[in-house]
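# Observations on the model geometry
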Amino acid sequence: MEIIKTSALTKIYGRIQAVNSIDLSIHKGEVFGLLGPNGAGKTTTIGMLCTIVRPSSGSASIAGYDIIREPARVRRQIGIVFQDPTLDTVLTGRENLELHARLYGVSSDIREARINQMLELVDLHERGNDITRTYSGGMRRRLELARGLLHRPAVLFLDEPTLGLDPQTRARIWEYIKKMAQTEQTTVVLTTHYMEEAEQVCDRVGIIDHGKIIALDSPEGLKESMGGDMVAIRVKESPLEKIRALPYVYEVKENEGTLEIITKEAHLHLAEILSIIKDVECVEVRVPTLNDVFIKLTGRDIREDSIEDSGSWVDSVARYRQRGS
């Protein structure tokens with residue numbers, strides 16, 4: 001069942017086409033990653049789906065509600081966890097959830113039970129009556145996740161949910177996200193700069209560049225599209241054409257004295273490849289990662305700085321408007 005559907009979704013700011021005719025279907029209960037270099041259009045795409053940004057053309061719906069004609073109904077169907085903290089730190093964790101529940105019209109007869117359920121889900125029940133400024137960064141993020149799901153949204157949007165957290169806390173946050181997606185049957189749409197996280201947690205990944213979706217598949221499917229294993233050989237003299245002629249070599253290029261080779265079943269062919277090369281300095285063999293796919297498709301690293309993703313979704317949209325004016 002489709003929970004998010006876009007058709008030729010487009011946004012133009014002045015002379016800048018931030019999003020270029022995106023067609024996208026996201027299924028109920030799916031964890032979907034929208035990845036792209038900074039400035040690629042993912043912030044604007046999410047902004048349109050959240051009804052923060054009005055499309056220039058095209059259409060989109062969430063849970064059957066049109067983002068242009070029915071924005072109020074769309075907003076009742078979504079939860080958002082922004083990159084920047086948005087908790088009221090003078091309130092307790094429980095009071096933050098109580099405020100959110102009232103704003104979203106959660107019925108008074110189920111409100112307390114729902115708050116208790118969400119505090120239990122993110123392991124904060126014992127700290128629920130503590131002021132949130134006493135929480136660690138990871139605890140605050142967990143409370144924001146609980147708050148985003150409190151009103152049972154059909155879709156939860158997560159903007160860099162683990163940015164700035166230590167590796168151990170990041171791993172725990174992802175455990176909670178997967179647990180909540182399964183328990184609540186909520187569709188999760190996320191952005192992240194941590195490619196290994198997207199690889200581990202997402203059911204499917206869409207890679208966006210220059211405002212277009214240029215690849216869409218499961219993480220495994222995207223890695224398989226690379227065509228084989230990755231071999232890097234540091235050399236003094238490069239027999240590039242000889243290696244390119246080998247039937248099992250999918251791709252080869254030279255990068256500052258290193259031959260970068262993609263080949264099927266590297267363990268079977270590495271000896272023959274090395275026999276062609278003189279003066280090998282070092283060799284590295286590994287399976288492709290999602291980051292390899294990303295760099296191949298976009299030619300850029302996801303962490304390159306630019307205007308779009310240097311802040312929250314709302315701030316980024318405002319900067320994009322200024323840039324296009």
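Since the model is a prediction, treat every value here as computed from it, not as a measurement.

## Let's talk about the packing of helix H3 (residues 93–103) against helix H5 (residues 137–149)
- Running from N to C, H3 and H5 point in directions that differ by 25 degrees, and their axes come no closer than 9 Å. Between H3 and H5, the crossing angle belongs to the class labelled roughly parallel. Where H3 crosses over H5, the two elements pack in a sense that is right-handed. The residues of H5 that touch H3, namely those facing Gly93, Asn96, Leu97 and His100, are Leu143, Ala146 and Arg147.
- Grouping the amino acids of the contact of H3 with H5 by side-chain chemistry returns 3 nonpolar, 3 polar and 1 charged.

## With respect to the side chain of Thr10
- Structurally, the position occupied by Thr10 is in strand S1 (residues 2–13).
- Residue Thr10 is classed as buried on the basis of its relative accessible area, which comes to 6%.
- For Thr10, the side chain forms a polar contact with the main-chain nitrogen of Ser21, separated by 3.0 Å.
- Apart from the residues within four sequence positions on either side, Thr10 is in contact with Gln17, Val19, Asn20, Ser21, Met48, Pro55, Ser56 and Ser57.

## What about the packing of aromatic side chains?
- Counting across every chain of the model gives 0 aromatic pairs.
- The ring of Tyr194 has Arg170 sitting right over it, with the charged end atom 3.6 Å from the ring centre.

## As for the sheet that holds strand S7 (residues 155–159)
- Reading across from one edge, S6-S7-S8-S3-S9-S10 is the order of the 6 strands in this open sheet, with mixed pairing throughout. Of all strands in the sheet, those with a lone pairing partner are strand S6 (78–81) and strand S10 (212–217), marking the two edges. Pairwise comparison of adjacent strand axes, ignoring direction, gives a mean angle of 20 degrees for this sheet.
- Sheet topology places S6 next to S7; 4 bridges connect them, and they run parallel. When the bridges of S7 are listed, Gly79 appears paired with Leu156.

## Let's talk about the side chain of Arg204
- Mapped onto the secondary structure, Arg204 falls in strand S9 (residues 204–209).
- The class of Arg204 is buried, set by a relative accessible area of 18%.
- Filtering out sequence-adjacent residues up to four positions away, Arg204 remains in contact with Ser25, Ile26, His27, Glu30, Val31, Phe32, Gly33, Leu216, Asp217, Ser218 and Pro219.

## Points about the nonpolar core
- Among the nonpolar cores identified, the biggest contains 44 residues, and Leu158 and Leu190 are the most heavily contacted of them.
- Setting aside residues up to four positions removed in sequence, Leu190 forms contacts with Val31, Phe32, Gly33, Leu34, Leu158, Trp174, Val201 and Cys202.
- Of all hydrophobic cores here, the second largest spans 27 residues; its members include Val19, Phe32, Ala40 and Val189.

## Re the sheet that holds strand S2 (residues 16–27)
- The 4 strands lie next to each other as S2-S1-S4-S5, forming an open sheet whose pairing is antiparallel. Taken across any chain shown, the strands that pair with only one partner, and hence form the sheet edges, are S2 and strand S5 (65–66).
- Sheet topology note: the S1/S2 ladder contains 8 bridges and is antiparallel. Paired with Ile4 across the bridge in S2 is Ile26.
- Relative to the sheet, helix H1 (residues 42–49) contacts S1, S2 and strand S4 (57–62), its axis offset from that of S1 by approximately 120 degrees.

## Some words on the pattern of salt bridges
- On inspection of all chains with the given rule, the structure shows 20 salt bridges.
- Among the ionic pairs, Arg69 bridges to Asp66, the shortest N-O distance being 3.7 Å.
- By relative accessible area, Arg69 is classed as exposed at 67%.
- Members of the salt-bridge network, linked through shared partners, are Glu98, Arg102 and Arg111.

Scoring rules and cut-offs
Residues numbered from 1 in each chain as written. Predicted model: local features only at pLDDT ≥ 70, side-chain atom pairs only at ≥ 80, totals over all residues. Heavy atoms only, no water. Axes fitted to C-alpha atoms, helices over the stretch in contact; angles between N-to-C directions. Helix = DSSP H or I, 4+ residues; strand = E, 2+ residues; numbered from the N terminus. Parallel < 35°, antiparallel > 145°, perpendicular 65-115°, else oblique. Left-handed = near helix turned anticlockwise from the far one by under 90°. Contact = heavy atoms within 4.5 Å. Nonpolar A, V, L, I, M, F, W, Y, C, P; charged D, E, K, R; others polar. Buried < 20%, exposed > 50% of the residue type's maximum accessible area, 1.4 Å probe, protein only. Polar contact = N/O pair within 3.5 Å; in protein donor to acceptor, adjacent residues only side chain to side chain. Phe/Tyr/Trp six-rings, centres within 6.5 Å; stacked < 30°, edge-to-face > 60°. Lys NZ or Arg CZ within 6 Å of the ring centre and 35° of its normal. Pairing = 2+ DSSP bridges. Core = buried A, V, L, I, M, F, W, Y, C linked by side-chain atoms within 4.5 Å. Salt bridge = Lys/Arg side-chain N within 4 Å of Asp/Glu carboxyl O.

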